[in-house]
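Coordinate analysis (summary)
The lines below spell out each chain.
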Protein chains: 2
Amino acid sequence: MKKIINDSEQVVTEMLDGFASAYPNDVRRLQDTTVLVRKDAPVKNKVGIVSGGGSGHEPAHAGYIGEGMLDAAVAGEVFTSPTPDQVLEGIKAVNGGAGVFLVIKNYTGDVMNFEMAAELAEAEGIEVEKVVVNDDVAVEDSSFTTGRRGIAGTVLVHKIIGAKAETGASLEEIKATADKAVANVRSMGVALKPPVMPASGKPNFELNEDELEIGVGIHGEPGTERKAVSSANDIAVELTDLVLKDLNLTESDDVTVMINGLGATPEMELYIVNRKVQEHLQEKGINVYKTYVGNYMTSLEMAGCSVTLLKVDEELKELLNQPSKAPAFKV
Amino acid sequence: MKKIINDSEQVVTEMLDGFASAYPNDVRRLQDTTVLVRKDAPVKNKVGIVSGGGSGHEPAHAGYIGEGMLDAAVAGEVFTSPTPDQVLEGIKAVNGGAGVFLVIKNYTGDVMNFEMAAELAEAEGIEVEKVVVNDDVAVEDSSFTTGRRGIAGTVLVHKIIGAKAETGASLEEIKATADKAVANVRSMGVALKPPVMPASGKPNFELNEDELEIGVGIHGEPGTERKAVSSANDIAVELTDLVLKDLNLTESDDVTVMINGLGATPEMELYIVNRKVQEHLQEKGINVYKTYVGNYMTSLEMAGCSVTLLKVDEELKELLNQPSKAPAFKV
């Protein structure tokens, strides 16, 4: 197995320490947990924003910790939900008296464990609200999910409600904005090469040398179609059209675009995809308000990318432009 | 070949268009060139900073265009220096009357072509100064280079002199700061998997399934040693010690650390390496002032990483902390 690791059972804890030691003035690890929090957490009278999920999606989720974005990120093992007690530690650490808001990607384990943590926190007197992100239009149900999966669009939700929380918004106001963001964000991905699991040293699915798969999930969940590797332009149009079909845009709508690399995709390829996505949207009369290109929600060394569109109104635009000090999403 | 591209001969031009269309308010492409510049270039009375080199190292160099960093990035074909006429276009476009400063990575083609462009610009009455970055301690001479190669440390040089230029510093003052930064920055890399060239569809070197190579260059130039894949801790210590041996630090020195991914390395692995680098420096009594972890200077989908140390005095610290609006290096 070609990985720069020490012990496959220690990858998460060593990564968390490596992350905390990279940003000692901004982030700290809660001792004996898999939780990283803003150094200054809890921020008094601000709603604390907590996200997290399985590891292997870096820079998600720890890279989004910082003023203007997340207060805590809770890490599970690779591609495995964090346990409720870990999520609870995160909630408790960032509660500054105004309650805590959870951003959950729609995977069965995550939803169950974050909800259980919310119940435990409420039993301790902490008010908790949540949103479940399900931006992936690929499949309705999948090996990890009932309903649609949450993928790269989650990062835009983090940004939006992180900014909202900094304004002093209440839990209810944050919930309303989060619901709006989730209702207006859609993504679709393609994989060219699978990720290799640290524990087994094996790829978690197989693709022939000339094959790609449309709609693969960020844990290698099955997609919708396998076919010969096609051109960047074809891929860009196919992914964008699948997203557009579901988003019901009209010509006067503004969108934010995210071209997300899944881990091992050269950035050059992401920009080549972006070129066609922009051209295609322009041809359809859809105005692009802002574009993000890079590795935002990865799947270890999976090769491929996803296209995310978020329909933005004035509130969402303003929140996207607010400052963020998160290492992986500085504005 | 598993790449998301259209035509291997069009990858650079399509990438440049894709980059410009991602940041239309910040960056523009000079028509019929491979040059991207700050949207507001030339900035009057500010020294223009120009860098560039072969493509395939994204986000270098275009990702570093922006207020506080580069004014222009000139792209060559994949792993190939840009031609003098292209560099000249970049110089002319960012000359705001205070001259232009070139940051060149030490490869024979780059040095020759940037120097020729400088001469042509001077013949047109534009004052030009330059620095050649040679931070890679791996080998003295290599297939692309006389002397040491320039790799990820170049990004820190961009940041430092980009900030210096924003203060209104003269060409001579920028030259002095650039020389200081170059004199104090060292890097060392390791490769686990080669990059695949878009033109040939072939990897540009071969490594056995259980092998890594220490000291490989960012164009796949030969390194210093091949051996069995070892632990992240061993790799971190080996790379750091090779850098330290050359940097002559004393216990009271402060350093900036960059853990750079070469393209296909999961970010998780970079943080695991960072953990050990920080621990190792701490044991040696070396104080880390700031740390950067991510894909800063890549080699298409090469797997591996590099460790860069920059010894920082008060001036360099202050310049690193100044704002940068470059998409790939926001502060």
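Here the structure is a predicted model, which means the values were calculated and not measured.

**Comments concerning unusual backbone geometry**
Residue and element names in this part refer to chain A. Looking along the chain, the bond that leaves Ala 60 and enters His 61 is cis, with omega of 5 degrees. Counting through the fold element by element, His 61 comes out in the loop between strand E3 (48–55) and strand E4 (72–78). One non-glycine residue, Asp 32, lies in positive phi territory at about 60 degrees. Tracing the chain through its elements places Asp 32 in the loop between strand E1 (27–29) and strand E2 (35–38). Non-glycine residue Phe 79 carries a positive phi angle of around 55 degrees. Of note, Phe 79 is situated in the loop between E4 and helix H2 (84–94).

**With respect to the interface of chain A and chain B**
Listed as interface residues are 55 residues of chain A and, on the opposing side, 55 residues of chain B. Summing both sides of the interface, chain A and chain B together bury roughly 4,600 Å²; the carbon and sulfur share of this comes to 61%. Sorting the residues of chain A by area buried against chain B places Lys2(A), Ile4(A) and Met268(A) first, and these three jointly supply 21% of that buried surface. Counting every contact that joins chain A to chain B gives four salt bridges. Close ionic contact of Lys3(B) with Glu269(A) constitutes a salt bridge, the shortest N to O distance being 4.0 Å. Taken together, the elements giving at least two residues each to the side of chain A that touches chain B come down to helix H1 (11–22), strand E7 (185–193), helix H6 (232–247), helix H7 (267–283), strand E11 (287–294) and strand E12 (303–312) of chain A.

**So, the packing of helix H4 (residues 153–166) of chain A against helix H8 (residues 314–321) of chain A**
Residues and elements named next belong to chain A. Direction vectors running N to C along H4 and H8 enclose 90 degrees, while the axes themselves pass 8 Å from each other. Between H4 and H8, the interaxial angle falls into the category roughly perpendicular. Contacts from Leu 156, Lys 159, Ile 160, Ala 163 and Lys 164 of H4 reach H8 at Glu 315, Leu 316, Leu 319 and Leu 320.

**Details of the UniProt feature "domain: DhaK" (unreviewed entry) in chain A**
When the UniProt feature table is mapped to this numbering, "domain: DhaK" (unreviewed entry) covers residues 7–329 of chain A. Secondary structure across residues 7–329 of chain A divides into 33% helix and 24% strand, with the first and last C-alpha atoms of the span separated by 29 Å.

**Observations concerning the environment of Pro323(A)**
All names here are of chain A. Along the chain, the position of Pro 323 falls in the segment after H8. For the pair formed by Pro 323 and Lys 159, sequence separation is 164 residues and the distance between their alpha carbons is 9.4 Å. In this view, Pro 323 contacts Glu 67, Gly 68, Lys 159 and Val 331; residues no more than four positions away in its chain are not counted.

**Regarding the sheet that holds strand E6 (residues 128–133) of chain A**
Residues and elements named next belong to chain A. Read across the sheet, six strands follow the order E1-E2-E4-E3-E5-E6 without closing on themselves; strand pairing throughout is mixed. The outermost strands of the open sheet, each flanked by one partner alone, are E1 and E6. Each adjacent strand pair in this sheet contributes to an overall mean axis angle of 20 degrees, direction not counted. Here E3 pairs with E4 via five bridges, running parallel.

Cut-offs and rules
Residues numbered from 1 in each chain as written. Chains lettered and ligands numbered in written order. Predicted model: local features only at pLDDT ≥ 70, side-chain atom pairs only at ≥ 80, totals over all residues. Heavy atoms only, no water. Helix = DSSP H or I, 4+ residues; strand = E, 2+ residues; numbered from the N terminus. Contact = heavy atoms within 4.5 Å. Buried area = accessible area lost by both parts, 1.4 Å probe. Salt bridge = Lys/Arg side-chain N within 4 Å of Asp/Glu carboxyl O. Axes fitted to C-alpha atoms, helices over the stretch in contact; angles between N-to-C directions. Parallel < 35°, antiparallel > 145°, perpendicular 65-115°, else oblique. UniProt positions renumbered as here; feature names shortened; annotations may be inferred. Pairing = 2+ DSSP bridges.

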